[in-house]
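# Topology and contacts: notes
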Amino acid sequence: MKNGWCPGEILRMKLTIWDFAFLFLYCLSLPAIGCYHARKNKDACEFLLAGRKLTLPVFVGTLVATFYGGILGIAEFTSVHGLGAWLTQGIFWYIVYLLFALFLACKIRKMEFYTIPDILEHRYGKKVALVGGIFTYLMVNPAPYIVSLAIILQTFTNISFFLAILAVTMFAMIYTIWGGFRGIVYTDFFQCILMYTGFWVLACFTLYEYGFPEFLQKNLSLVKGFECHLNITGNMSWDYILVWAGISSWVFVDPNFYQRCYAAKTPKIAQRGIFFAILFWFCFDILSCGTALYAFASQNAQNFSIPQPGMAHLVLADHVLPSPFKGLFLASVIALILSTLDSYLFTAAMNISRDYYWRFLNREASSSQMVRITRIAIVVTSFLSAFLAFALPSVVDLWYTLGTIGLSALLVPMMYSFVGKYRLVQTSFISMISGATIASIWLITGIFHAKEGIFQYPWDCQPFYPGIATSLLCFAIGYTKEKNRIAMNL
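Residues numbered from 1 in each chain as written. Predicted model: local features only at pLDDT ≥ 70, side-chain atom pairs only at ≥ 80, totals over all residues. Heavy atoms only, no water.

## Considering the overall build of the chain
For the record, the criterion: The way it works is that DSSP assigns letters per residue, a run of H or I at least four long becomes a helix, a run of E at least two long becomes a strand, and they are numbered from the N terminus. All radius of gyration figures rest on C-alpha atoms, and the globule criterion is 2.2 Å times the number of residues raised to 0.38. Residue burial is assigned from relative accessible area. The probe radius is 1.4 Å, only protein chains are included, and a residue is buried under 20% of its type maximum, exposed over 50%, and partly exposed in between. Whether two residues are in contact is decided by their heavy atoms, any of which lying within 4.5 Å being enough. Method for areas: the Shrake-Rupley scheme with a 1.4 Å probe, in which residue coverage is limited to the protein chains shown. Lys and Arg are tallied as positive, Asp and Glu as negative. Neither His nor the chain termini are counted. Working definition for charges: the position is that of NZ of Lys, CZ of Arg, CG of Asp or CD of Glu.
A tally of regular secondary structure across the chain gives 20 helices and 0 strands. The globule rule puts the C-alpha radius of gyration for 490 residues at 23 Å, and the 22 Å found for the chain is close to it. Considering only C-alpha atoms, the chain reaches an extent of 75 × 55 × 40 Å along its principal axes. With 490 residues in all, the chain has 60% of them scored as buried. Partitioning the intrachain contacts of the chain with sequence separation of at least 6 by distance along the chain shows that 85% fall at a separation of at least 24. Surface accessibility of the chain: about 19400 Å² in total, with carbon and sulfur atoms responsible for 69%. Each charge class in the chain was averaged separately, 33 positive and 23 negative side chains, and the resulting centres sit 13 Å apart.

## What to know about the environment of Asn-41
Note the following rule: We call two N or O atoms a polar contact when they sit within 3.5 Å, provided that within protein one can donate a hydrogen and the other can accept it, with sequence-adjacent residues counted only if both atoms are side-chain atoms.
Among the structural elements, Asn-41 can be located in the loop between helix H1 (17-38) and helix H2 (44-49). Judged by its relative accessible area of 16%, Asn-41 is buried. Distance in space between the C-alpha atoms of Asn-41 and Gly-246 is 39 Å, their sequence separation being 205 residues. Not counting chain neighbours up to four residues away, the residues in contact with Asn-41 comprise Glu-46, Phe-47, Trp-178, Gly-179, Gly-180 and Arg-182. At a separation of 3.0 Å, a polar atom in the side chain of Asn-41 contacts the main-chain carbonyl oxygen of Gly-179.

## Quick notes on the layout of surface pockets
The cut-off we apply is this: Residues are said to line a cavity or pocket when one of their atoms sits within 4 Å of a point; the points come from a 1 Å grid over protein atoms alone, cavities being sets where a 1.4 Å probe fits but cannot get out and pockets being open sets with protein on both sides within 12 Å along at least five of seven lines. Grid points are joined across faces, edges and corners, and a volume is the space filled by probe spheres set on the points. Side-chain classes are defined by residue name, with Ala, Val, Leu, Ile, Met, Phe, Trp, Tyr, Cys and Pro counting as nonpolar, Asp, Glu, Lys and Arg as charged, and the others, Gly among them, as polar.
Taken as a whole, the second largest pocket spans an internal volume of roughly 440 Å³. Among the elements of the structure, helix H10 (161-210), helix H11 (214-221) and helix H14 (267-300) are those that each provide at least two residues to the lining of the second largest pocket. Take the lining of the second largest pocket: its biggest share by element is 9 residues, from H14. Grouping the amino acids of the lining of the second largest pocket by side-chain chemistry returns 16 nonpolar, 4 polar and 1 charged.

## Thoughts on helix H8 (residues 126-139)
The condition that has to hold: For a helix, the expected span equals 1.5 Å multiplied by the residue count minus one.
Between the first and last C-alpha of H8 there are 20 Å, a value that for 14 residues agrees with the 20 Å anticipated at 1.5 Å per step. Residues of H8 that are buried: Val-128, Ala-129, Val-131, Gly-132, Gly-133, Phe-135, Thr-136, Tyr-137 and Met-139.

## Points about empty space enclosed by the protein
Within this structure, the stated rule accounts for 4 cavities of 30 Å³ or more. In this structure, the largest cavity encloses a volume near 60 Å³. Around the largest cavity sit Tyr-114, Thr-115, Ile-116, Pro-117, Thr-136, Pro-255, Gln-259, Thr-347, Met-350 and Asp-355, which together line it. Counting only elements with at least two residues in the lining of the largest cavity, the list comes to helix H7 (116-124), helix H13 (255-263) and helix H16 (325-361). Ranked by residues supplied to the lining of the largest cavity, first place goes to H16 with 3 residues. Its residues assigned to classes, the lining of the largest cavity comprises 5 nonpolar, 4 polar and 1 charged.

## With respect to the packing of helix H9 (residues 143-153) against helix H17 (residues 367-391)
Condition: Between N-to-C directions, angles cover 0 to 180 degrees, with each direction set by a line fitted to C-alpha atoms, over the stretch in contact for helices. Between 65 and 115 degrees an angle is taken as roughly perpendicular, under 35 as roughly parallel, over 145 as roughly antiparallel, and anywhere else as oblique. Note: crossing handedness is left-handed where the near helix turns anticlockwise from the far helix by less than a right angle, and right-handed where it turns clockwise.
Running from amino to carboxyl end, H9 crosses H17 at an angle of 65 degrees, the nearest separation of the two axes being 8 Å. With respect to their mutual orientation, H9 and H17 come out roughly perpendicular. The hand of the H9/H17 crossing is right-handed. Every residue of H17 that contacts H9 at Ala-143, Ile-146 and Val-147 is listed here: Ser-382, Ser-385, Ala-386, Leu-388 and Ala-389. Looking at the contact of H9 with H17 residue by residue, the class counts come to 6 nonpolar, 2 polar and no charged.

## Here we look at the nonpolar core
Quick note on the threshold: For this analysis, a nonpolar core means a set of buried residues of the types Ala, Val, Leu, Ile, Met, Phe, Trp, Tyr and Cys, connected via side-chain atoms within 4.5 Å.
By size, the foremost hydrophobic cluster in this structure holds 169 residues, and its most contacted members are Ile-71, Tyr-97, Phe-100, Tyr-258, Ile-274 and Trp-281. Residue contributions to this core peak at 20 residues, all from H10. Excluding anything up to four places from it in sequence, Tyr-97 contacts Phe-67, Val-251, Phe-257, Ile-274, Ile-278 and Trp-281.

## Observations regarding the packing of H7 against H8
Running from amino to carboxyl end, H7 crosses H8 at an angle of 160 degrees, the nearest separation of the two axes being 8 Å. Here H8 runs roughly antiparallel to H7, going by the angle between their axes. As for the relative orientation of H7 and H8, their crossing is right-handed in sense. Every residue of H8 that contacts H7 at Ile-116, Pro-117, Leu-120, Glu-121 and Tyr-124 is listed here: Lys-126, Val-128, Ala-129, Gly-132, Gly-133 and Thr-136. Each residue belonging to the contact of H7 with H8 can be placed in one class, and the counts come to 6 nonpolar, 3 polar and 2 charged.

## Some words on the pattern of salt bridges
This is how the line gets drawn: Salt bridge, as used here, is a side-chain nitrogen of Lys or Arg placed within 4 Å of a carboxyl oxygen of Asp or Glu.
For the structure on display, the rule yields 12 salt bridges. One salt bridge in this structure joins Arg-485 and Glu-482, with 2.7 Å as the shortest N-O distance. One end of the pair is Arg-485 and the other is Glu-482, both in helix H20 (residues 464-489) and 3 residues apart, which spans about a single turn. For Arg-485, a relative accessible area of 43% puts it in the partly exposed group. Salt bridges linked by common partners bring Asp-118, Glu-121, Arg-354, Asp-355, Arg-359 and Arg-363 together as one network.

## Some details on the confidence of the model for the chain
Stated precisely, the cut-off is as follows: The quantity known as pLDDT measures the predictor's confidence residue by residue, on a range of 0 to 100.
Of the residues in the chain, 95% reach a pLDDT of 70 or more, and the chain-wide mean stands at 90. When pLDDT is averaged over each helix and strand of the chain, the minimum, 81, is found for helix H18 (residues 395-419) and the maximum, 97, for H14. Contacts from residues 1-8, a stretch scored under 50 in pLDDT, to residues over four places away or in other chains number 50 contacts.

## Focus: the packing of aromatic side chains
We count it as follows: In this scheme Phe, Tyr and Trp rings, the latter by its six-membered ring, pair at centre separations within 6.5 Å, and the angle between planes marks the pair as stacked below 30 degrees, edge-to-face above 60, and tilted otherwise.
Tallied over the full model, the rule gives 32 aromatic pairs. Seen from their ring centres, Tyr-94 and Phe-282 are 6.2 Å apart, and the 65 degrees between their planes marks the pair as edge-to-face. Here Tyr-94, found in helix H5 (residues 84-103), pairs with Phe-282, found in helix H14; they are 188 residues apart in sequence, far enough to count as distant. Given the relative accessible area of 33%, Phe-282 is considered partly exposed. Taken together, the aromatic side chains of Phe-67, Trp-93, Tyr-97, Phe-100, Phe-257, Tyr-258, Trp-281 and Phe-418 make up a single cluster linked through ring pairs.

Structure, rendered in structure tokens:
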């Protein structure tokens, strides 16, 4: 959710044999962890939800790692808006995470479902679940993270972008198939530790090199174009800030959040785990945004040049870190992205096996059949996502397009499903379709009227808002009609 990257000029980091050795050991560890935990995948519940036995540390580790795949986007956003990146990509999200924990986490765990469409079927029926499954799949397509990781791979190899995409896809696909969800959460736990270690090391070396805070003030606040980078709002207008506040509601319909709550050992673990995760996200945002600010300040001081804003952390690491810490940091960046990629890949595959194969084709499917179909779905989703990543190699375009449409369709019906007392089957169906349709039309209009690569939306209004407004309006009309109908029958 925090991405913003498009491939262009590729950085070539200066790595030694010790850096490559660290990267090699990291890459070996993931399949090893997946294979070890694959032994416990005895039935579908074990393979899909780790037997609903996630303890608090593992729950926190997988949640934290899964929701920070857009590290390249943090650097790009910081280059333009400075500390505004922390406001829009951090603070707003903490608030939504907190609301999710307080009002939804325990309820979701008590349901003991598998996916978001399970809730939709329970509340609205199969037709709504069918449509909801389509939008759920769009939201968890891992293509943006394949693009990001392919670019990272190019920082220390000479392979083409196509081969980088293929290599990343195959690697993630293999250990995801082996380990299932249990393998993913334990590799996430390992990668969570690695990502904090790498960025903590970068922060320490950076502070030792440049000091604090005079260096930032001199090379940001006093430099033209960077005067607002140390202000919490950056140089953003309030209407733009409010757009990001709205986008943070993504959390309420993110399938990975629901999946982890379903898999928690108890409802209290699901709730408390999110509380702890917020603290970890807060700490990591300080590390990531802070080091990005130092990178651009150092560029302004003419210590080095950053080819593209998304490369800021990598360029800074290349400048201040000795070997083998450079390899450690590069592994931490890969861990950030890969822990999101594998989670999205598995959730998308589970969407196919549970929400379509099981729900509409074979309700009597055995555990072994569900595991087999999910593994096939992992392969299908992997290559579909790789094709999408190569066809549209922009993380911003992929994330924004898929997320906006899915969010516009799902947010209103999902929130009503937890609090509403009427069934509203047809209303929910119309609300989903209309919200997604208007958001899509808005997106297409903005693309056709783009100027210098910037989408020009009608009335400068982001597609998320007309999409949600339309969905909400349709739902309100349907709710009012149903309420009046019931009142007349009394």
